[in-house]
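Spelled out from the first residue to the last, the chains are:
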Amino acid sequence: AQSVTQLDSQVPVFEEAPVELRCNYSSSVSVYLFWYVQYPNQGLQLLLKYLSGSTLVKGINGFEAEFNKSQTSFHLRKPSVHISDTAEYFCAVSEWDNDMRFGAGTRLTVKP
Amino acid sequence: SAVISQKPSRDICQRGTSLTIQCQVDSQVTMMFWYRQQPGQSLTLIATANQGSEATYESGFVIDKFPISRPNLTFSTLTVSNMSPEDSSIYLCSVNPRLAGGNEQFFGPGTRLTVL
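In this report, the structure presented in the accompanying data block is examined. (Residues numbered from 1 in each chain as written. Chains lettered and ligands numbered in written order. Predicted model: local features only at pLDDT ≥ 70, side-chain atom pairs only at ≥ 80, totals over all residues. Heavy atoms only, no water.)

Considerations on the sheet that holds strand E3 (residues 19–25) of chain B
Strands belonging to one sheet form pairs held by backbone hydrogen bonds; the direction of such a pair is parallel or antiparallel.
Residue and element names in this part refer to chain B.
Part 1: Strand order in the open sheet formed by four strands is E1-E3-E8-E7, with antiparallel pairing between adjacent strands. With partners counted over all chains shown, the strands left at the sheet margins are strand E1 (4–7) and strand E7 (68–72), one partner each. Here the average twist between neighbouring strands, direction ignored, is 15 degrees.
Part 2: Two strands pair when backbone bridges link them, and E7 and strand E8 (residues 75–80) are joined in this way by three bridges, in the antiparallel orientation. Paired with Ser69 across the bridge in E8 is Thr77. (Pairing = 2+ DSSP bridges. Helix = DSSP H or I, 4+ residues; strand = E, 2+ residues; numbered from the N terminus. Axes fitted to C-alpha atoms, helices over the stretch in contact; angles between N-to-C directions.)

Written out as structure tokens, the structure reads:
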């Protein structure tokens, strides 16, 4: 079965700095990969997804992620963060026709 | 996409009671899921509730504690039975509408449950 590891539980950064949130997955078959964001006291919102094709995926709010099959990674990046990006970020993996498995989450805190 | 609503949005309940959470989707979907998010934790899948079949529970979750109904393609309920403070969590439903070329899930806003 698939699984996800988010390597950093907390990432503090200053406003306008770049950020990378790391995600590694394991699976024996081809997978779909996702990043979700959860703002305080809200549900989950899809940031971006990788299904196939180009390994660089662009999402909402200026985020992008790169699928690296050899390293089984799907790291999330943003070149310049804003205070409003402060939230919990979840990496998730899904095999075709299977349910979705989530990482433990990374709390991104953007400081002024 | 799919728009999902949940009721109630939050509740405070007494130990030993039960609470039924409703999930309504604005379109017909076969695959629906229930998750639990304990304070400061990630999402843990409770069960998959596909219309037309019995719910499938993940390890650590049983039907007697978390009975699920799925009467049609737009609605589901999750009951948290005989509650204890350890059941205090956010409960989320999600759907996979099987969009062309995708396998993403859409989530409801969650039900924040506090058990005293």
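Description of the nonpolar core
Part 1: In this structure, Leu33, Trp35, Leu47, Leu48, Phe74, Leu76 and Tyr89 of chain A are the most contacted members of the largest nonpolar core, which totals 28 residues.
Part 2: Non-local contacts of Phe74 of chain A, meaning those with residues more than four positions away in its chain, are made with Cys23, Leu33, Phe34, Trp35, Leu48, Lys49, Tyr50, Ala65, Glu66 and Phe67 of chain A.
Part 3: One finds Ala49, Leu78, Cys93 and Val95 of chain B within the second-largest nonpolar core, a separate group that totals 26 residues. (Core = buried A, V, L, I, M, F, W, Y, C linked by side-chain atoms within 4.5 Å. Buried < 20%, exposed > 50% of the residue type's maximum accessible area, 1.4 Å probe, protein only. Contact = heavy atoms within 4.5 Å.)

Description of the pattern of salt bridges
Residues and elements named next belong to chain A.
Part 1: Scanning the model with the defined rule gives nine salt bridges over all chains in all.
Part 2: The partner of Asp85 in a salt bridge is Lys78, and the shortest N-O contact between them spans 2.8 Å. Lys78 carries the same exposure label as Asp85, and that label is buried.
Part 3: If you follow the salt bridges from partner to partner, you end up with Glu20, Glu66 and Arg77 in one network. (Salt bridge = Lys/Arg side-chain N within 4 Å of Asp/Glu carboxyl O.)

Points about the pairing of E3 of chain B
Residue and element names in this part refer to chain B.
Part 1: Side chains Leu19, Ile21, Cys23 and Val25 of E3 all project onto a buried face; the interleaved residues Thr20, Gln22 and Gln24 project onto a face where none is buried.
Part 2: Bridge count between E3 and E8: six bridges; the pairing is antiparallel. Its bridge partner lying in E8, Cys23 is registered against Ser76.

Observations concerning the interface of chain B and chain A
Part 1: Contacts between the two partners involve 19 residues from chain B, matched on the other side by 23 residues from chain A.
Part 2: For the interface between chain B and chain A, the tally reads two salt bridges.
Part 3: Here Glu58 of chain B and Arg101 of chain A are joined by a salt bridge, their closest N and O atoms 3.0 Å apart.
Part 4: Our count for the contact surface shared by chain B and chain A stands at six residue pairs in polar contact (both at pLDDT 80 or more).
Part 5: Put simply, the parts of the chain that give the side of chain B that touches chain A at least two residues each are strand E4 (31–37) and strand E5 (43–48) of chain B.
Part 6: Among the elements that make up the side of chain B that touches chain A, the one with the highest residue count is E4 of chain B (three residues).
Part 7: Across the side of chain B that touches chain A, the residue classes tally to seven nonpolar, eight polar and four charged. (Polar contact = N/O pair within 3.5 Å; in protein donor to acceptor, adjacent residues only side chain to side chain. Nonpolar A, V, L, I, M, F, W, Y, C, P; charged D, E, K, R; others polar.)

Re unusual backbone geometry
Part 1: In this model, Lys7 of chain B is joined to Pro8 of chain B through a cis peptide bond whose omega is -10 degrees.
Part 2: Its location among the elements puts Pro8 of chain B in the loop between E1 and strand E2 (10–13).
Part 3: One non-glycine residue, Glu16 of chain A, adopts positive backbone phi at about 75 degrees.
Part 4: With respect to the secondary-structure elements, Glu16 of chain A resides in the loop between strand E2 (10–14) and strand E3 (19–21).

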